[in-house]
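# Structural features, examined
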Amino acid sequence: MTPSLNHDVEKPLFSEAQFVAGFHAIGEERYHHQHPFHLLMHEGRLTRGQLQAWALNRYYYQSRIPIKDAAILARSDDPAFRLSWRKRILDHDGDGTKPGGIEKWLRLVEATGLSREHALRGDGILPATRFAVQAYVDFVSTRSHLEAVASSLTELFSRKLIALRMDRMRQHYPWLCGGLDYFTGRLTQAPEDSEFALAWVVKHARTRTEQDLAHAALRAKCDILWAQLDALYFSYVDPGWPPPGAFQPVKES
């Protein structure tokens, strides 16, 4: 008699090295460093108006990062985890004595030629930006705590992109140089944050199913970042069709 196949058998657990390598493979394939909008940026081929649209829409994403992190923080009953994770909120909101990432991004918005009030009001944000950013907040609020933390691991890849972006912006858009403080801070903050998050995920993904969910969470975050750039590219590069109510750059000669 032929034994029946059990399709619910757990797959073999990844070794720690295999598990970590899986995150890096996802980053190589899916992180938004390869998006055409970023490639144009780094080649110096974006107009001031296109950079304004990027800074404005990205501000909306930046403004929701502390909300996202507060949601992750609230889900943990581990004081040690909360102690480490709350640093992220201070990094973005500031501590009352020095500016955080949100204030620094507003200065980048101003360096493009837009007012900070424009960004604070949310005027002209693309609908797709709002949907994608809210999808991220919803993801960390409704999925498992493990998946929520794993979704932050795009920070594993951000330092290299930030260093490249700073170099190319200084080269191609010197008028933006006064607004690059946000990126300077993230050169050290992102590696620190990702080191803690990766170690935590490795420790708490105890089954292959949990490991697969952690990998899937990183893919989902990469998709969210990519979708935001897709919206910018469609609206302001090709075909250049911003939706009703969206930011309209001043026509350049």
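The paragraphs below set out a description of the structure included in this document. Each chain has its residues counted from 1, running along the sequence as written. A pLDDT threshold of at least 70 governs which residues receive local features in this predicted model, and a stricter bar of 80 or more applies before side-chain atom pairs are shown or counted, although totals over entire chains, interfaces and linings include all residues. Hydrogens are left out, water is left out, and the side-chain values use all remaining heavy atoms of the structure.

### Quick notes on the overall build of the protein
Put simply, the test is: Note on conventions: DSSP H or I runs of at least 4 residues are helices, E runs of at least 2 residues are strands, and numbering of each starts at the N terminus. For the radius of gyration, the atom set is restricted to C-alpha positions; the globular benchmark scales as 2.2 Å times the number of residues to the power 0.38. Exposure is judged per residue with a 1.4 Å probe applied to protein chains only, and the accessible area is read against the type maximum: over 50% gives exposed, under 20% gives buried, and values in between give partly exposed. A contact between two residues is defined here by any heavy atoms of the two lying within 4.5 Å. A 1.4 Å probe and the Shrake-Rupley method give the accessible areas. Residues count as covered only by the protein chains that appear here.
Of the regular secondary structure elements, the protein holds 11 helices and 0 strands. Its C-alpha atoms give the protein a radius of gyration of 20 Å, within 12% of the compact-globule value 18 Å for 253 residues. Each of the three principal axes of the protein carries a C-alpha extent, and together these read 80 × 45 × 30 Å. Across the 253 residues in the protein, those meeting the buried criterion constitute 49%. For the protein, contacts bridging at least 24 residues in sequence account for 79% of all contacts bridging at least 6. Surface summary for the protein: the accessible area is close to 12,700 Å², and the carbon and sulfur share equals 54%.

### Some points on the pattern of salt bridges
The criterion, for reference: Just to be clear on terms, a salt bridge is a Lys or Arg side-chain nitrogen sitting within 4 Å of an Asp or Glu carboxyl oxygen.
Taken as a whole, this structure holds 18 salt bridges when the rule is applied. The salt bridge partner of E29 is R30, with a shortest N-O separation of 3.9 Å. The exposure class assigned to E29 is exposed, which follows from its relative accessible area of 56%. The shortest N-O distance in the salt bridge between E43 and R45 comes to 2.7 Å. In this structure R45 comes out as exposed when scored by relative accessible area, which is 57%.

### Observations regarding the packing of helix 1 (residues 16-30) against helix 11 (residues 208-236)
Operational definition: Interaxial angles span 0 to 180 degrees and are taken between N-to-C directions of axes, which are lines fitted to C-alpha atoms, for helices over the stretch in contact. Relative orientations are named as follows: roughly parallel for angles under 35 degrees, roughly antiparallel for angles over 145 degrees, roughly perpendicular for angles from 65 to 115 degrees, and oblique for any other angle. Left-handed is the label given to a crossing in which the near helix is rotated counterclockwise from the far helix by less than a right angle, and right-handed is the label when the rotation is clockwise. Gly is put with the polar residues, along with every residue not named as nonpolar or charged; the nonpolar set is Ala, Val, Leu, Ile, Met, Phe, Trp, Tyr, Cys and Pro, and the charged set is Asp, Glu, Lys and Arg.
Where helix 1 contacts helix 11, the axes come no closer than 10 Å and their chain directions differ by 20°. When the axis of helix 1 is compared with that of helix 11, the two are roughly parallel. You can see that helix 1 and helix 11 cross each other, and the crossing is right-handed. Along its contact with helix 1, which presents F19, G22, F23, I26 and R30, the element helix 11 presents Q211, A214, H215, L218, R219, C222, D223 and W226. Here the contact of helix 1 with helix 11 is composed, by residue class, of 7 nonpolar, 3 polar and 3 charged.

Keep in mind these values describe shape, not function.
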